[in-house]
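Listed here are the chains, written in short residue letters.
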Amino acid sequence: MSTEEKIQSGIVNDMSNLRAERVEARFPALPRGSSIRDKLLYLVALSGVDLIALIAMTIMLVATVLAMGRPIRFFQASVGFPLGIMAGVLLVKFIQKPRDIMANAPIVLRDWVPFLIINFIYENMHDVAGHVMTFDIAGFLYDWDVAIFGVEPTLWMEQFYTPLLTDYMAFAYALYFIFALVLMFFLSLHGHRRAFRHIAMALTFSFIMGFLGYIFFPCSPPRYFITEMFTTGALHGPILYDRLQAMCDGFSVVGGGAFPSLHVGISTVALIYAWKYRYFSRLYKWLFIIYVPLVVSLWISTVYLRHHWVIDIFAGWAVAYIGYRLADLSLRKWNQLRRRFAFPL
């Protein structure tokens, strides 16, 4: 196994000496007379496991939404996040090497397209969640929280409420996807495409598991399910909380989408890879150092802000771990297929 393969599999973490890879734009032709199986495997090698999985899920989601007589939402405000990062990478690469932009653009687009699809799925998910399965597991999670801790943690945290702390928790909670996007921005910018693929695939699998949880295990958050039990009333923050909460409520929020906590899952994936790639350079080391307190704050904020039950946090950690393992396995298989059909790695 080569050094790069060992690093990709997680055996060796020090990737600082890897050069930014230049992916060739040409695609090897499939031999004539190839079987249907070989054609399908060629398609997987060309497109990638993550993209195929997301396209399949999108087709099923669109069919379900249309069958329910609901409209399809194509362009929502939240798509600006991945689009902005992708545009930023292209802009910097163009400034650095204008002559290479035509070669770099397809690579950047392929790497970031899955997150545009994820955004599309999320924006249309709330028309399905709560309708496929009409029950609400919030009552079960409340009972489990009380059984484990002796008290519902969101109620116990009321004793620590202050407006300024609420603002800080709102700030940390809003960073959940920013952690991954910032790390991926630098990986894409610096040409660490294999590392980028690994985290992108882990995020893809984590989002898919979260979306399936929303559909098959609909769960209301504490702020909706036990509203009358909070003695301090509605939360308030003089600087950030009120504005951020109003902004979030303005987006297409998935009703009953508390289990698992994707805020916890996605931030945990970002923290795992910030640790994994901390040897790349001093920049990546500092990213990991900065991420640790902020990610832990985000985990706490999910309960403090009454968005999640503690069981949701456990489920989010499980989603992140499984997503990481699935990404590792899938990327190995994908690289094997690309070697088989002579695709550049």
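Cut-off values and rules
- Residues numbered from 1 in each chain as written.
- Predicted model: local features only at pLDDT ≥ 70, side-chain atom pairs only at ≥ 80, totals over all residues.
- Heavy atoms only, no water.
- Salt bridge = Lys/Arg side-chain N within 4 Å of Asp/Glu carboxyl O.
- Helix = DSSP H or I, 4+ residues; strand = E, 2+ residues; numbered from the N terminus.
- Buried < 20%, exposed > 50% of the residue type's maximum accessible area, 1.4 Å probe, protein only.
- Core = buried A, V, L, I, M, F, W, Y, C linked by side-chain atoms within 4.5 Å.
- Contact = heavy atoms within 4.5 Å.
- Axes fitted to C-alpha atoms, helices over the stretch in contact; angles between N-to-C directions.
- Parallel < 35°, antiparallel > 145°, perpendicular 65-115°, else oblique.
- Left-handed = near helix turned anticlockwise from the far one by under 90°.
- Nonpolar A, V, L, I, M, F, W, Y, C, P; charged D, E, K, R; others polar.
- Phe/Tyr/Trp six-rings, centres within 6.5 Å; stacked < 30°, edge-to-face > 60°.
- Lys NZ or Arg CZ within 6 Å of the ring centre and 35° of its normal.

A. Structural detail: the pattern of salt bridges. For the coordinates displayed, the defined rule picks out four salt bridges. Here R306 ties to E158 by a salt bridge, and the two come within 3.8 Å at their closest N and O atoms. Here R306 is found in the loop between α14 (282-304) and α15 (310-340), whereas its partner E158 is found in the loop between α7 (153-156) and α8 (163-173), with 148 residues between them in sequence. A relative accessible area of 11% places E158 in the buried class.

B. Molecular detail of the nonpolar core. Counting residues in hydrophobic clusters, the biggest one holds 77 residues, and the most contacted among them are W112, L183, M184, L187, F211 and Y273. At 13 residues, the largest contribution of residues to this core is made by helix α10 (residues 193-216). In this structure, M184 is in contact with W112, F115, F196, I199, A200 and L203, ignoring residues within four places of it in sequence. Core analysis: the next-biggest nonpolar cluster, separate from the first, contains 12 residues, I137, L155, A258 and F259 among them.

C. Fine view of the packing of helix α13 (residues 262-276) against α15. Here α13 crosses α15 at 50°, and the two axes come no closer than 8 Å. Judged on the interaxial angle alone, α15 and α13 are oblique. Note on packing geometry: the crossing formed by α13 with α15 is right-handed. Contacts from V264, G265, T268, V269, I272, Y273 and K276 of α13 reach α15 at I313, G316, W317, A320, Y324 and A327. Its residues assigned to classes, the contact of α13 with α15 shows nine nonpolar, three polar and one charged.

D. Region of interest: the packing of aromatic side chains. With the rule as written, the count across this model stands at 21 aromatic pairs. Aromatic pair F207 and F211: ring centres 5.8 Å apart, planes at 35°, arrangement tilted. Residue F207 and its partner F211 are located together in helix α10, separated by four residues, close to a single helical turn. We classify F211 as buried; its relative accessible area is 1%. Cluster of aromatic residues (ring-pair linked, three or more members): W112, F115, Y176, F177, F196, F207, F211 and Y214. Note that R197 overlies the ring of W334, its terminal NZ or CZ placed 4.9 Å from the centroid. Taking NZ or CZ as reference, R306 lies 3.9 Å from the ring centre of F230, over its face.

E. Up close: the packing of α8 against α14. At a minimum axis separation of 8 Å, α8 and α14 run at an interaxial angle of 115°. Relative to α14, the element α8 is oriented roughly perpendicular. Between α8 and α14 lies a crossing whose hand is left-handed. Between α8, through L165, T166, Y168, M169, F171, A172 and Y173, and α14, the contact on the second element is made entirely by P293, L294, S297, L298, I300, S301, T302 and Y304. For the contact of α8 with α14, the residue count by class is 11 nonpolar, four polar and no charged.

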